[in-house]
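Each chain, written out:
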Amino acid sequence: MAAKNQLGTIFELQLRKQGSYLVVFAIIMVIIALGVVIGFSFLMPAQDGTQLLYLATGAPTIVLVMTALVTVPMQNAGAKMSGYIDFIKALPSSRRSFLIADVTIWAAITVPAIAISILIANLVFNPGYDISWTIVPVFILVVASCFGIGYGYSFVMPAELSMALSQVIAFTALMFTPINFPIDRLPEWLQVVHMGLPLYHMAEVMRAALAQSVFSADPISYIILGVWALIGFFGAARFLERA
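Bear in mind the structure is a predicted one, so any value in this text is a computation, not a measurement. (Residues numbered from 1 in each chain as written. Predicted model: local features only at pLDDT ≥ 70, side-chain atom pairs only at ≥ 80, totals over all residues. Heavy atoms only, no water.)

### Observations regarding the pattern of salt bridges
Two side chains with opposite charge may pair up if their charged atoms get near one another.
Part 1: Counted by the stated rule, this structure contains two salt bridges.
Part 2: When the shortest N-O distance is used, the salt bridge between glutamate 12 and arginine 16 registers 2.8 Å. Linking glutamate 12 with arginine 16, this pair stays in helix H1 (residues 3-18), spanning four residues, or about one helical turn.
Part 3: Given the relative accessible area of 42%, glutamate 12 is considered partly exposed.
Part 4: Among the salt bridges present, the one from glutamate 204 reaches arginine 207, with a minimum N-O distance of 3.2 Å. With glutamate 204 and arginine 207 both in helix H9 (residues 198-210), this residue pair falls three residues apart, about one helical turn. Take glutamate 204 and arginine 207: they sit in the same class, and that class is buried. (Salt bridge = Lys/Arg side-chain N within 4 Å of Asp/Glu carboxyl O. Helix = DSSP H or I, 4+ residues; strand = E, 2+ residues; numbered from the N terminus. Buried < 20%, exposed > 50% of the residue type's maximum accessible area, 1.4 Å probe, protein only.)

What follows is the structure in structure tokens.
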């Protein structure tokens, strides 16, 4: 089967499998994004401009994290338990075609949520967006690292354990990760931990792309995300290639 035909077949297969659920997930991501931008603002005693900008630029990262590191691993765990992943592995097609098709579909449903959250935040708070031309490559990099990790751990780990880990990630991303607030608010030991983990760096590069006149990201953040993406997709591909 030609590579182009393989990819088209897998796209069609995955779209039929997910069906209308993709619309539901897209709506849920919009709600999550608006919850971060608007809902979290109610926790602030005063609408500080810098803090609002952190919320406004952090919402896209939260959407990607909740999709790639929470929703997709839960879907993959269910697919493993139902035997769907074994069916995919039995198809006469490249395992990379499956990963490319599935990542593209899931990444696409995050775009409306990210766009709507930016639009609403700008209309309601006018936080001070200054969008850089790097927003597209940054989005691709964060998508690659997010989904690489999500597919990697959900395929390599047992289904029940990966589902449990996805919930831990969801809670940690919202409460203990400097996505919606500066990293210096955390204890020093936790700051050190986040320097090696990907979520903080995802937020940093996204912030720098959405508000370039206020935020900047160190080159190491891009390197760390690239490494995590490679590790994740390598693990996922190795799992799918096993008989």
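### Some details on helix H5 (residues 95-124)
Part 1: For H5, which comprises 30 residues, the first-to-last C-alpha distance of 44 Å matches the rise-based estimate of 44 Å (1.5 Å per residue) to within 8%.
Part 2: Positive phi shows up at asparagine 126, right after H5, with a value of about 45 degrees. (Expected span 1.5 Å × (residues − 1).)

### Some details on the side chain of serine 166
Part 1: With respect to the helices, strands and loops of the structure, serine 166 is situated in helix H7 (residues 159-175).
Part 2: At a separation of 2.6 Å, a polar atom in the side chain of serine 166 contacts the main-chain carbonyl oxygen of methionine 163. (Polar contact = N/O pair within 3.5 Å; in protein donor to acceptor, adjacent residues only side chain to side chain.)

### Structural notes on the packing of H5 against helix H10 (residues 219-241)
Part 1: Following both chains from N to C, one finds H5 and H10 inclined at 130 degrees, their axes separated by 9 Å at the closest point. Relative to H10, H5 is oriented oblique. H5 and H10 meet at a crossing whose hand is right-handed. Residues Arg95, Phe98, Leu99 and Val103 of H5 lie in contact with H10, whose contacting residues are Phe233, Ala236, Ala237, Leu240 and Glu241.
Part 2: Broken down by class, the residue content of the contact of H5 with H10 amounts to seven nonpolar, no polar and two charged. (Axes fitted to C-alpha atoms, helices over the stretch in contact; angles between N-to-C directions. Parallel < 35°, antiparallel > 145°, perpendicular 65-115°, else oblique. Left-handed = near helix turned anticlockwise from the far one by under 90°. Contact = heavy atoms within 4.5 Å. Nonpolar A, V, L, I, M, F, W, Y, C, P; charged D, E, K, R; others polar.)

### Overview of the nonpolar core
Most often, soluble globular proteins have nonpolar side chains that are buried together.
Part 1: Val142, Cys146, Phe147, Tyr151 and Phe155 are the most contacted members of the largest nonpolar core, which totals 68 residues.
Part 2: Of all elements in the fold, only helix H2 (21-39), helix H3 (49-82), helix H4 (84-90), H5, helix H6 (135-156), H7, H9 and H10 reach the threshold of two or more residues within this core.
Part 3: Ranked by the residues each element gives to this core, the list is headed by H3, at 14 residues.
Part 4: Excluding residues that lie within four positions of it along the chain, valine 142 makes contacts with Leu64, Met202, Val205, Met206 and Leu225.
Part 5: Core analysis: the second largest hydrophobic core is formed by five residues, Phe181, Ile183, Leu186 and Tyr200 among them. (Core = buried A, V, L, I, M, F, W, Y, C linked by side-chain atoms within 4.5 Å.)

### Thoughts on the side chain of threonine 61
Part 1: As for its position among the elements, threonine 61 is in helix H3.
Part 2: Assessed through its relative accessible area of 0%, threonine 61 is described here as buried.
Part 3: Once residues within four sequence positions are removed from consideration, threonine 61 is found in contact with Ile179, Met202, Ala203 and Met206.

### Remarks on unusual backbone geometry
Part 1: A positive phi is found at asparagine 126, a non-glycine position, where the angle reads about 45 degrees.
Part 2: Following the sequence through the fold, asparagine 126 ends up in the loop between H5 and H6.
Part 3: Overall, asparagine 126 belongs to the exposed group, its relative accessible area being 57%.

### Re the packing of H3 against H6
Part 1: Axis separation between H3 and H6 bottoms out at 9 Å; the angle between their running directions is 30 degrees. Relative to H6, the element H3 lies roughly parallel. The handedness of the crossing between H3 and H6 is right-handed. Along the contact surface, H3 presents Leu64, Val65, Thr67, Ala68, Leu69, Val72, Pro73, Asn76 and Lys80, while H6 presents Phe139, Val142, Val143, Cys146, Phe147, Ile149, Gly150, Tyr151, Tyr153, Ser154 and Phe155.
Part 2: In terms of residue class, the contact of H3 with H6 is built from 15 nonpolar, four polar and one charged.

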